[in-house]
Amino acid sequence: MCTDMSLLLELQMRLRRAVLGGDTAEIVTAIQGEGLDPAARAGIYRHHAFATLGDALQTTFPVVCRLVDKRFFAYAAHEYLREHPPHSRCLVEYGADFADFLARFPPCRKLPYLADVARFEWALNIANTVRKVTSLQAETLAAIPPGEAAYVAFRLQPSLSYFASPWPIDTIWQANLEDEVPPIDLTTGGASLEIRRAGEAVVWRRLDPGTFAFRTALADGLVLAAAMSAATLRDPAFDLTVALRHVFSEGLAVGFVVSPKQEIPR
Amino acid sequence: MTTRRPIACGCVGIGLRLPHVSEIAATRPRLGFLEVHAENYMAETPALDRLLELRRDYPVSLHGVALSLGSAEELDRGHLVRFRALIERIEPMLVSEHLAWSAIGGAYLNDLLPLPYTEESLDLFCRHVDEAQGALGRRLLIENPSAYLRYRYSPIPEPEFMTELARRTGCGILCDVNNIHVSGSNFRFDPMAYLQALPIEAIGEIHLAGHHVAEDVDILIDDHGSRVVEPVWALYAAALRRFGPVPTLIEWDTNLPALEVLLDEAHHAEELAHVHRYVAAA
């Protein structure tokens, strides 16, 4: 019986549990059989939810799917869905923590680079769903008093992701788009990648260690002086003037704030 | 190149799916409108750019699938804001949603789950439709669902629930003829009687689609993955007789065929609408 909102809420929570692969016993008593087991009726909805949400994950993570084959992917997606159903109503936004899930998922241990391939595909997905916004012009910075320049924190293009892996993730990914996957030498070392939207295309490239440390620090909201420290640690010859010139010529910065309170590591 | 056709009452459109976008952009087939799932265009994807280009030549109908108007909790305000932003960009000819719920307790289940039809759920649904129409700045059409289960306590017949919803909120009804056929078969009710029980003045759109027969459990599954079957065409003809010409959509979401097949289905729907006009005028 459903006589008030709390009962409707309870009914919906019960069907939610059944749809997400949990116990159907709590919902079947509320369902008419009409010639079919009520659990089978609830199962039709569960099947649809798992099939379509699994398809959504496969669309976002096509190379992960190829690396593990479709059947295993469906199994992994099923386990992920039970623990992490989507919050957003837009399915392109589903799967933000799928890579972390795969990293912890015991059956995936034999593919140590799999979670990083998922991280790369998620970064591609972000870049594909966020438009480039108007870039900050270098001249805007002229208004900042010289004493405050060290405390400037930039806001970067929302489509940007920085991501480093001990594996050659971009090579693995690219190779798995081919019908016949060419041999991949996993001993060639890792990749420090920048991924972003450029017009309608999504592009990525490898960065040198200093530039990667600098831009990652900026993306994390660190002020210029702190980002420079991080970059110099990785590359003693890091040149801030050149690095900033490239940030502006590539249109990466979209805004800034002056944060004098931010602690700068020495 | 064909010129843009005015929106005609009784026009027939098709659901726009990504694999067909390039061909439609290149060949500009004669169609009354294009309908898309609103949630597929809420992110700034290249697909949105394609839709905005097609919008110059075709009226667009936005079909929401995730507002979850039947949830026994507050509507997702953030989702309403995104929906409104899309409406302002697309300026759609129609905006529709479903008599269903799909999210509860922070989980979105990506399915149109059934409601029990009670006075309480009617009050809740009306409140949510009022709120959504206010937030979106548009009248909504609410679609009758296809269903695979009914609750033990659900005393209000579905067409009566829809009628009362339209009366109280001023929303329109999207009459999905295939859904009536599917639910009618699954629950052994007469689809024609259902059609007769809907209020003529509220009908703002008709949906047509194919379905799948799950023979092992003797259930029809509304998968939008095949041609419209003959009994659904017959029900459509009856709907035209009762409601007059109404914008009609050919939906096809799974096992997507060549665009030509959708255009062929749309052509058949248009022929039936023409026949209806002659008969009505006679």
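Residues numbered from 1 in each chain as written. Chains lettered and ligands numbered in written order. Predicted model: local features only at pLDDT ≥ 70, side-chain atom pairs only at ≥ 80, totals over all residues.

1. Quick notes on the overall build of chain A
Inference 1: When its secondary structure is counted, chain A shows 11 helices and five strands.
Inference 2: Expected size for 266 residues packed as a compact globule is a radius of gyration near 18 Å; at 24 Å, chain A overshoots this value by more than 25%.
Inference 3: Over its C-alpha atoms, taken along the principal directions, chain A stretches across nearly 80 × 55 × 35 Å.
Inference 4: The long-range fraction of contacts in chain A, counting pairs at least 24 apart against all pairs at least 6 apart in sequence, stands at 65%. (Helix = DSSP H or I, 4+ residues; strand = E, 2+ residues; numbered from the N terminus. Rg over C-alpha atoms; globule rule 2.2 N^0.38 Å. Contact = placed C-beta atoms within 7 Å.)

2. Concerning the overall build of chain B
Inference 1: For chain B, the count of helices and strands is nine helices and 12 strands.
Inference 2: In summary, chain B has a C-alpha radius of gyration of 18 Å against a globular reference of 19 Å for 282 residues, a match within 12%.
Inference 3: With the principal axes as the frame, chain B shows a C-alpha extent of 55 × 45 × 40 Å.
Inference 4: Classification of the 282 residues of chain B by burial places 50% in the buried group.
Inference 5: Sequence separation of 24 or more characterises 78% of the internal contacts of chain B that already satisfy a separation of 6 or more. (Buried ≥ 20, exposed ≤ 12 C-beta atoms within 10 Å, placed from the backbone.)

3. Some points on the environment of Gln58(A)
Residue and element names in this part refer to chain A.
Inference 1: In this structure, glutamine 58 sits in helix H3 (residues 38–60).
Inference 2: On the basis of neighbour counts, which here come to 17 C-beta atoms within 10 Å, the residue glutamine 58 falls in the partly exposed class.
Inference 3: Separated by 98 residues in the primary sequence, glutamine 58 and leucine 156 place their C-alpha atoms 29 Å from one another.
Inference 4: Contact partners of glutamine 58, with chain neighbours within four places excluded, come to Cys65 and Phe73.

4. What to know about the interface of chain A and chain B
A common way to express how large an interface is: the accessible area buried when the components associate.
Inference 1: The partner chain B presents 38 residues to the 43 residues of chain A that form the contact.
Inference 2: Taken together, the elements giving at least two residues each to the side of chain A that touches chain B come down to helix H1 (5–19), H3 and helix H7 (114–129) of chain A.
Inference 3: When residues of the side of chain A that touches chain B are assigned to their parent elements, the largest contribution, 10 residues, is made by H3(A).

5. Digging into the nonpolar core
Inference 1: Residues Val117(A), Ala118(A), Ala227(A), Ile142(B), Ile173(B) and Leu208(B) are the most contacted members of the largest nonpolar core, which totals 159 residues.
Inference 2: Considering each element in turn, this core owes the most residues, 10 residues, to H7(A).
Inference 3: Among the domains, domain 1 (1–111) and domain 2 (131–266) of chain A are the pair contributing at least three residues each to this core.
Inference 4: Leave out the neighbours within four places in its chain, and Ala118(A) touches Phe61(A), Val64(A), Phe98(A), Ala99(A) and Leu102(A). (Core = buried A, V, L, I, M, F, W, Y, C linked by C-beta atoms within 7 Å. Domains from an automatic or database assignment.)

6. Remarks on the sheet that holds strand E2 (residues 161–165) of chain A
Residues and elements named next belong to chain A.
Inference 1: Ordered in space as E2-E3-E4, the three strands form an open sheet in which the pairing is antiparallel. In the strand order of this sheet, the two ends are held by E2 and strand E4 (201–206), each with one partner. Recorded for the sheet is a direction-independent mean angle of 25 degrees between the axes of neighbouring strands.
Inference 2: Pairing geometry for strand E3 (residues 191–198) and E4, over six bridges, is antiparallel. Each bridged residue has a counterpart across the sheet, and for arginine 197 the counterpart in E4 is valine 202.
Inference 3: Across the sheet, H7 lies against E2, E3 and E4, angled at about 165 degrees from E2, the strand it touches most.
Inference 4: Against the sheet, helix H9 (residues 209–219) makes contact with E2 and E3, and its axis sits at roughly 130 degrees relative to E2, the strand it touches most. (Pairing = 2+ DSSP bridges. Axes fitted to C-alpha atoms, helices over the stretch in contact; angles between N-to-C directions.)

7. A few points about the domain arrangement of chain A
Inference 1: According to the domain assignment, chain A contains domain 1 (1–111) and domain 2 (131–266).
Inference 2: Taken over C-alpha atoms, the centre of domain 1 of chain A sits 37 Å from the centre of domain 2 of chain A.

8. Looking at unusual backbone geometry
Trans is the prevailing form of peptide bonds, just as negative phi is the prevailing case for residues other than glycine.
Residues and elements named next belong to chain B.
Inference 1: Unlike most non-glycine residues, serine 68 shows phi in positive territory, near 55 degrees.
Inference 2: Take serine 68: it is sitting in the loop between strand E3 (60–63) and helix H3 (77–90).
Inference 3: Residue serine 68 is classed as buried on the basis of its 25 C-beta neighbours within 10 Å.
Inference 4: Positive phi values are uncommon outside glycine, yet glutamate 91 reaches one of about 50 degrees.
Inference 5: Relative to the helices and strands, glutamate 91 resides in the loop between H3 and strand E4 (94–98).
Inference 6: Overall, the presence of 10 C-beta atoms within 10 Å leaves glutamate 91 in the exposed class.

9. Let's talk about the sheet that holds strand E1 (residues 12–15) of chain B
All names here are of chain B.
Inference 1: Reading around the circumference, E1-E2-E3-E4-E7-E8-E9-E12 is the order of the eight strands in this closed barrel, with parallel pairing throughout. The sheet shows a mean angle of 30 degrees between the axes of neighbouring strands, direction not considered.
Inference 2: Direction of pairing for E1 relative to strand E12 (residues 248–250): parallel, over a ladder of three bridges. Bridge pairing in E12 places glycine 13 opposite leucine 249.

10. What to know about the confidence of the model for chain B
All names here are of chain B.
Inference 1: Of all residues in chain B, 96% have pLDDT values of 70 or greater, and the mean over the chain is 94.
Inference 2: Taken together, the stretch residues 1–9 has pLDDT below 50 and engages in nine contacts with residues farther than four places along the chain or on a different chain.
Inference 3: As a predicted assembly, this complex carries a pTM of 0.92 together with an ipTM value of 0.93. (pLDDT = per-residue confidence, 0-100.)

11. Focus: helix H6 (residues 177–187) of chain B
Residues and elements named next belong to chain B.
Inference 1: Taken across its 11 residues, H6 has nine buried, putting it largely inside the fold.
Inference 2: The set of residues buried in H6 consists of Val177, Asn178, Asn179, Ile180, His181, Val182, Ser183, Gly184 and Asn186.
Inference 3: Tucked into the core, H6 has its buried residues touching strand E8 (172–176), helix H7 (191–197), strand E9 (203–208), strand E11 (219–221) and helix H8 (230–243).
Inference 4: Positive phi shows up at arginine 188, right after H6, with a value of about 55 degrees.

12. Points about the packing of H3(A) against helix H5 (residues 70–83) of chain A
All names here are of chain A.
Inference 1: At a minimum axis separation of 10 Å, H3 and H5 run at an interaxial angle of 110 degrees. Here H3 lies roughly perpendicular to H5, going by the angle between them. Seen along the crossing, H3 lies across H5 with a hand that is right-handed. Contacts from Phe50, Leu53, Gly54, Leu57 and Gln58 in H3 reach Phe73, Ala74, Ala77, His78 and Leu81 in H5.
Inference 2: In terms of residue class, the contact of H3 with H5 is made up of seven nonpolar, three polar and no charged. (Parallel < 35°, antiparallel > 145°, perpendicular 65-115°, else oblique. Left-handed = near helix turned anticlockwise from the far one by under 90°. Nonpolar A, V, L, I, M, F, W, Y, C, P; charged D, E, K, R; others polar.)

13. Quick look at the environment of Ile90(B)
Residue and element names in this part refer to chain B.
Inference 1: Inspection of the secondary structure assignment puts isoleucine 90 in helix H3.
Inference 2: C-beta crowding within 10 Å serves as the criterion here: with 20 such atoms nearby, isoleucine 90 is assigned to the buried category.
Inference 3: Considered as a pair, isoleucine 90 and glycine 210 are 120 residues apart in the sequence and their alpha carbons are 28 Å apart.
Inference 4: When sequence neighbours within four positions are dropped, the list of residues in contact with isoleucine 90 reads Arg55, Val60 and Leu62.

14. Describing the packing of H6(B) against H8(B)
All names here are of chain B.
Inference 1: Where H6 contacts H8, the axes come no closer than 9 Å and their chain directions differ by 125 degrees. Looking at the two axes, H6 sits oblique to H8. Seen along the crossing, H6 lies across H8 with a hand that is right-handed. Here H6 contributes Val177, Asn178, Ile180 and His181 to the contact with H8, which in turn contributes Pro231, Val232, Leu235, Tyr236 and Ala239.

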